[in-house]
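Structural overview
Next come the chains, spelled out residue by residue.
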Amino acid sequence: MKADQYVTVAREGVHEIEINRSRFICALAPAATEEEAQEFVARIRREHPTATHNCFAYVIGADAAVQKASDDGEPGGTAGVPMLQMLMRREVRYAVAVVTRYYGGVKLGAGGLIRAYGGAVGEALDALGTRTRRRYRLATVTVDHQRAGRTQNDLRATGRAVLDVRYGDAVDIEIGLPEAEIEAFRAWLADTTAGSAGFELGGEAYGDA
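A brief look at the structure comes next.

1. Concerning the pairing of strand E3 (residues 22–30)
- Across the 9 residues of E3, 7 count as buried, placing the element largely inside the fold.
- Relative to E3, strand E2 (residues 13–19) runs antiparallel, the two being bridged by 7 bridges. Of the residues in E3, the one forming a bridge with Glu18 is Arg23.
- Turn length for the E2-E3 hairpin, with the two strands adjacent in sequence and antiparallel, is 2 residues, and the turn residue Asn20 shows positive phi of about 45°.
- As paired elements, E3 and strand E6 (residues 95–102) share 8 bridges and run antiparallel to each other. The residue of E6 that forms the bridge with Leu28 is Ala97.

As structure tokens, then:
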């Protein structure tokens, strides 16, 4: 069962906190694939070659199919896992977090590390913001050229996102529809175009809610 919606990072960015003289720098980014997440981790490591640790966590897939975490030398389970747990608790998907630590000379203990790494990710999510992506079905509305402009205006007036318009013998207008609204939309379209519009469902995608 696919998730109907998920949350992801609004933009790439960095947020820093300091705990007992240790600097914890959390770099967050959206990542569409595991490869993208790994490339981001590698890039941050290159940017901080002298850091004590570069720990990471990422979640890929609307259903969180891929979950990876690394403590990068911190005691087992005190860094990557709490970072991953924070992403999961906030229902964040298609995102990667890297927390770079510069050791400040004061040991934090296991509990302190767990709070620091998880907290760095939580604060970064608050600072950078998130956005909700909702699952919808792609659908194509086909109308004649005379009706195309008005149909597009009607679609936008009812809050439908027009994703693409293709002109040929007729005009194909591609839109996204939540699954629950398909039948009501079909009826609305038939009514608005006096039954003259074609309607075809396509695959699934996620878009901004």
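2. What to know about the sheet that holds strand E5 (residues 66–70)
- One open sheet holds the 5 strands; their spatial order is E2-E3-E6-E4-E5, and the pairing between them is antiparallel. A single partner strand is all that each edge strand has here, and the edge strands are E2 and E5. Pairwise comparison of adjacent strand axes, ignoring direction, gives a mean angle of 15° for this sheet.
- Taken together, the 7 bridges between strand E4 (residues 53–60) and E6 define a ladder with antiparallel strand orientation. Among the inter-strand pairings, Val59 is bridged to a residue of E6, identified as Ala95.
- Packing of helix H1 (residues 34–47) onto the sheet brings it into contact with E3, E4, E5 and E6, and relative to E4 it is tilted by some 165°.
- Here helix H3 (residues 109–128) sits on the sheet in contact with E2, E3, E4 and E6, set at roughly 140° to E2.

3. Structural notes on the packing of aromatic side chains
- Taken as a whole and assessed by the stated rule, the structure comprises 6 aromatic pairs.
- Judged by centre distance (5.8 Å) and plane angle (10°), the ring pair of Phe56 and Tyr58 falls under stacked.
- Residue Phe56 is classed as buried on the basis of its relative accessible area, which comes to 14%.
- Here Phe185 and Phe199 contribute two aromatic rings whose centre-to-centre distance is 5.5 Å and whose plane-to-plane angle is 45°, an arrangement assigned as tilted. Residue Phe185 is located in helix H5 (residues 182–192), and its partner Phe199 is located in strand E10 (residues 198–208); the two are separated by 14 residues in the primary sequence.
- These aromatic residues form a ring-pair network of at least three members: Tyr6, Tyr94 and Tyr206.

Reading guide: rules and limits
Residues numbered from 1 in each chain as written. Predicted model: local features only at pLDDT ≥ 70, side-chain atom pairs only at ≥ 80, totals over all residues. Heavy atoms only, no water. Buried < 20%, exposed > 50% of the residue type's maximum accessible area, 1.4 Å probe, protein only. Helix = DSSP H or I, 4+ residues; strand = E, 2+ residues; numbered from the N terminus. Pairing = 2+ DSSP bridges. Axes fitted to C-alpha atoms, helices over the stretch in contact; angles between N-to-C directions. Contact = heavy atoms within 4.5 Å. Phe/Tyr/Trp six-rings, centres within 6.5 Å; stacked < 30°, edge-to-face > 60°.

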